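# Reading the structure
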Amino acid sequence: MGKCTDGPRVGLALGGGGARGAAHVGVLRALERAGIPIACIAGTSSGAMVGAAYAAGLSPDQIERVFASVRFRDLFRPVWARDGWLDNSPLADTFEREAGRLNAEDLRIPFAATATDADTGEPVTLQCGPLGPILRATTAMPCIVRPVHLDGRRLVDGGVVHKVPVQLARAMGADIVVAVDLSFPYPWRRKKARHPLVFLMRMLEIMEQHLVAAQLDGADVVIRPWADCGTFEFHRYRAQILSGEAAAAKAIPAILACLDRFAAAGRPIPAPATDPAPATDPAPATDHAPAAGRETRPPTGAAAEARPALTPAPVAPAAHPAPAPRPGLLPLPAPGQTQASAP
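Calculation rules
Residues numbered from 1 in each chain as written. Predicted model: local features only at pLDDT ≥ 70, side-chain atom pairs only at ≥ 80, totals over all residues. Heavy atoms only, no water. Helix = DSSP H or I, 4+ residues; strand = E, 2+ residues; numbered from the N terminus. Buried < 20%, exposed > 50% of the residue type's maximum accessible area, 1.4 Å probe, protein only. Areas by Shrake-Rupley, 256 points an atom, 1.4 Å probe, with all protein chains shown as cover. Pairing = 2+ DSSP bridges. Phe/Tyr/Trp six-rings, centres within 6.5 Å; stacked < 30°, edge-to-face > 60°.

Attention shifts here to the overall build of the protein. Looking only at helices and strands, the protein features eight helices and 11 strands. Counting across all 343 residues of the protein, residues that qualify as buried make up 55%. For the protein, the accessible area works out to roughly 15,000 Å², and carbon and sulfur atoms hold 57% of it.

Have a look at this one:
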C-alpha cells in the first residue's frame, strides 16, 4: 500500500454507486502498480466501504475476494418499516469480520466518510469512532435503507449531498485530489421502468448526475470507469473491477503530470514503490460509450506546505469566502465559486 510521507499529498475521493463501487478496487490496484502514494481517502457510500477497507490494510486482491463472496443477505435484511424497507446492520458485521473492529481515526491511511442529516439536510463528516456505524450511515439510501442514529442525528447516504467527496479530500490536506466518479450514464436507463423501485433509483441517479458535475470541478484528476451495472447487481463485480482498473491506468499519466508540476515548483515527490505495470485488459466496451474517461485540472494547492492528516484545509479560492464550517459538518461551496460541468 502506497502511503505518502513526503512531498505532495495525493488524496482519493471515492464516489458512491452501490454494486458499481467494485470499480474502486480496480482503481486502487492500478494506482498501486504505478507507485502513486495515497495520503488520505474520502469516501461516500460504497466508495467509503472500499476506501475504509483499503485504509485498514486490506489489499485490492483481498477486497476483491470480499466482493466475490458477499451476498445481498450479507449487507441488508428486510424490515418494511416506515422510514425504509431494509436495515444495513449486516453490512457492518460483514466489514468487521473481514477487517476487524476498528475506529476510523486508527486506520493506516487517514480516512473520512460523508453522510447526510435526514432532518436538516446538512452534510456530515464522519472520521472518528467505530467504523461499523460510520459505514452504515454513509450507505443508508433514503427511503430504501433505514436511517442510522449516530451522535443524536438520523443519518442517511452521503450521496444525497456529496456523491463524490472532493471537498472533503481537500479539507483533509490533499494537494492533489483524484476523484472516482461512478455516475456515468448506464444503458438500463433507456429501458422503460416497470417497477416503482426501479423508477425511484432512476430519478435519484438523474439528480446525482447534476450534483456531481459541479462537485468534480474541484478535483485535479477525474477517473470515470464504465461501470455498467445496477445498484444491487453485486454479482457483476468482476466487470466493474476491470473497468476501474482500465480507467485508472489511462489516468496515471495525468496524475504523474500533477506530481511533476509540484516537483517543478520545488516540492519533492516520493519515489514509486513499484515499477509501473500495465493494467488488466478491461471488458470490451460497447459502441455507445467509452470504456473509461478522465479529466485533468491544474493542482489547487501547489504553493501550500504539506499539512498533517485530518487538519482542515482551505478549498480552492472562491469569489466570496466560504463561511466557517460547523463542527462535524462538511463545508458547502462558496456562493461565488465557479463550477464547471464534467464532460
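With that settled, the discussion passes to the pairing of strand E4 (residues 84-87). When strand E3 (residues 77-81) meets E4, the two strands line up antiparallel, connected through three bridges. Bridged to Pro78 within E4 is Leu86. Joining the antiparallel neighbours E3 and E4 is a turn of two residues.

Another point: the packing of aromatic side chains. The final tally for this structure, using the stated rule, is two aromatic pairs. Residues Phe72 and Phe76 carry aromatic rings whose centres are separated by 5.2 Å and whose planes lie at 40° to one another, so their mutual orientation is tilted. Look at Phe72 and you get partly exposed, because its relative accessible area is 37%. Residue classification places Phe76 among the buried positions, given a relative accessible area of 6%.

So, about unusual backbone geometry. A positive phi is found at Ser45, a non-glycine position, where the angle reads about 55°. By the element assignment, Ser45 lies in the loop between strand E2 (40-43) and helix H2 (46-55). Here Trp80, not a glycine, exhibits a phi torsion of approximately 55°, which is positive. Structurally, the position occupied by Trp80 is in strand E3. On the basis of relative accessible area, Trp80 is assigned to the exposed category, the value being 66%.

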